[in-house]
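One-letter residues, chain by chain:
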Amino acid sequence: MEYIKNRFYQKASKCVAEYNKLKKDHADKVIANVTIGQVMTGMKGVPSLITDTSKLDPNEGIRFRGYSIPELREKLPRLNPDGEPLPEGLFYLMLIGEIPTRDDVLNISKDWATRSYVPQHVFDAIDALPLTSKPMTQFSTAILAMATESIFQKAYRAGVHKKYYWDTTYEDVMNLIARLPRVAAYIYRRNFHNGDHIEPDPRLDWAGNLAHMMGHDSDEVKRLLRLYTVIHADHEGGNVSAHTTHLVGSALSNPYYAFSAGMLGLAGPLHGYANQDVIHWIFEMIQYLDNDDPSKEDIAEYVKKTLAEGRVIPGYGHAVLRVTDPRFDAQQKFAEKYIKDDGLINIVNRLYEVVPPILGSVGKIKNPWPNVDAFSGSLLYHYGITEYSFYTVLFGVSRALGVLASLVFDRLYGLPIERPASFQLHHYRNLANEGEDVSGC
Ligand code: CMX
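Report follows, based on the coordinates. Here the structure is a predicted model, which is why all the values come from computation and not from measurement.

Details of the pairing of strand E1 (residues 54–57)
Alright, step 1. Here E1 shows a clear split, with Ser54 and Leu56 buried on one side and none of Lys55 and Asp57 buried on the other.
Alright, step 2. For E1 and strand E2 (residues 61–64), the ladder comprises 4 bridges, and the chain directions are antiparallel. Residue pairing for E2: Leu56 is matched across the bridge by Ile62.
Alright, step 3. Once E1 ends, the chain turns through 3 residues before running back antiparallel as E2.

Below, the structure is given as C-alpha cells:
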C-alpha cells in the first residue's frame, strides 16, 4: 500500500520543514525552568520530547491528533454501524493527521494481513523459554528475535543516506505491527491452551484476527478488542513504554530492538502491568473478605489495609492525569451498553465510588481517580479471557500503534540521539545553597 506511505511523506514533509526552521532560528529560546522537585519526581512536566501522534491534557485526557476518545468512536470507520472503530483507522490518523476513509482503513487491514508472516525461529525462541516465564518476557523476547527481519538495519549496514532512514523504518514498523497479533496469540495459546495454535484468517481485521487466533472468535470479543486496541494505542511521548521506544530508537537501534525495550517498560507494575494487578488485587480482596460481593464498607476496609501495608491501589492514580481517565469512562460505557450484571464489573464500579475519597484523604497522592487499567481486566474477564497474566501483552499489541508511528516521525525529523544531563547529588545541593556537604553524596 505505497499510497499510505506516500501520503504520510507528503504530509509529514511539511512538519520536517517546520522542525528544521525551529531548530535553526529559535534554538536559544528559553521555554521552561526546571526545578529540583521535577528532577526528584521523574522529570514530570519538563518539556523535552516531540511527539505528534497524541497529546495528554491533565484535566481532559488523551487527544489523538486533536480528537478525544468519544470523538474517535464517532468519526473513525468501523465494520458495522453499531461496532467499534478499527485501530487501523487510528493508526492512519496518528501517522497522517486526518480521519481516514473506510477504504483507507480496509487497505491497511489488507496490507497488515499480507505482512503478518512470522518466521519459525520467532516461535522457536518463544518455545525455548519455560512456561513459567511471564507472557511479557515471551512477548519482548519474540519481538527481539524478529529483529532478524529488520529492513532498516540491513539498509543502514549497506550505507543508506540518513535522509532515507524513515523509509525503511516505516517498512519495519508496518511489518512489526502486522506480526504482533500472531505473536501475542501464540503466547496465549502456548501458555493457556496447551499450545493448540490457531492460524490467522487473512480476511479479518487486525484486532478481529487477534481475537480469532486467541480462540475467542465471537463478535463480542472482536468488538471489545477493537475498542481496547484503540484506547490503549498512545498516551503522548513521556510515558515509560513510549519514551523507552523513542530513547532506544534514538541510538538508531532498529525498530524491533526499540519496541522490545519499550515493552519491558510496559511490563512494570507502575505502568502496563497494573492491568493484571487490578484483577489480582480484587481476587486477593475477595479471598481476604471471604465475600465475592463485598459492600462499599468491606472494600474501604481492604483499600485502607493495602495502603497501610505500603502498597499502591492498582488502577488508580496517574503521573499526568488529574481527572478520571476517559479511557476508563469509555470502557465503563461499553460495559453499561453490552453487559448486564457481572460480579467483577460490579466490584470495579463500587471501587470507583470508594477509592478516590480514600486516596484523596492520604494527602500526597496527586490524582485519586482511576486510570485505564482499573476497568480493562474486568471486561476481558467477562468475555472469557480470564488469564490475567496475559493482559499486559494485549496492552503492548495496542501500544505498538502509537509508539511505532512516532518512531517513523523520529526518523523523518532526524531526531538526534537522546542524552540528558545527570549530576551527582551534591550538584543539586549546591544549586539549592544547602551549605556544606556532610553526607559525601
Ligand atoms: N495507591 C497508593 N499510593 C499512590 C497511588 C495509588 N494508586 N498513586 C500514587 N501514590 C503515591 C505514590 O506512590 C507516591 O508515594 P511516595 O511519595 O511515598 O513515593 C505519592 O502517592 C505521590 O505520587 P503521585 O505524584 O501522585 O504519582 P506518580 O506520578 O509518582 O505515580 C502512578 C503515578 C501511576 C505510578 C501511581 O499513581 C501508581 O502507582 N498507581 C498505581 C499503579 C497504576 O495504576 N499504574 C498504571 C498507570 C497507567 C498506566 O501506565 O497503565
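Topic: the packing of aromatic side chains
Alright, step 1. On inspection of all chains with the given rule, the structure shows 21 aromatic pairs.
Alright, step 2. Seen in terms of ring centroids, Trp112 and Trp206 are 5.4 Å apart; in terms of plane orientation they differ by 55 degrees. Their pairing is tilted. Of this pair, Trp112 sits in helix H5 (residues 102–114) while Trp206 sits in helix H10 (residues 206–214); the two residues are 94 residues apart in sequence, bridging distant segments of the chain. Here Trp112 and Trp206 have matching classes, each one buried.
Alright, step 3. A ring pair is formed by Phe423 and Tyr428, whose centres lie 6.0 Å apart and whose planes are at 85 degrees; its orientation type is edge-to-face.
Alright, step 4. Here Phe423 falls in the partly exposed class, since its relative accessible area comes to 44%.

Focus on the pattern of salt bridges
Alright, step 1. Applying the stated criterion across every chain yields a total of 25 salt bridges.
Alright, step 2. Here Asp25 makes a salt bridge to Lys21, at a shortest N to O gap of 2.8 Å. With Asp25 and Lys21 both in helix H1 (residues 2–25) and 4 residues apart, the pair spans about one turn of that helix.
Alright, step 3. A relative accessible area of 40% places Asp25 in the partly exposed class.
Alright, step 4. Among the salt bridges present, the one from Asp196 reaches Arg189, with a minimum N-O distance of 3.8 Å.
Alright, step 5. Owing to a relative accessible area of 46%, Asp196 belongs among the partly exposed residues under this scheme.

Quick look at the environment of Tyr170
Alright, step 1. In this structure, Tyr170 sits in helix H9 (residues 165–192).
Alright, step 2. Accessibility expressed as a relative area gives 1% for Tyr170, which makes it buried.
Alright, step 3. Each C-alpha atom, one on Tyr170 and one on Gly215, is 30 Å from the other, the two residues being 45 residues apart in sequence.

Calculation criteria
- Residues numbered from 1 in each chain as written.
- Predicted model: local features only at pLDDT ≥ 70, side-chain atom pairs only at ≥ 80, totals over all residues.
- Heavy atoms only, no water.
- Buried < 20%, exposed > 50% of the residue type's maximum accessible area, 1.4 Å probe, protein only.
- Helix = DSSP H or I, 4+ residues; strand = E, 2+ residues; numbered from the N terminus.
- Pairing = 2+ DSSP bridges.
- Phe/Tyr/Trp six-rings, centres within 6.5 Å; stacked < 30°, edge-to-face > 60°.
- Salt bridge = Lys/Arg side-chain N within 4 Å of Asp/Glu carboxyl O.

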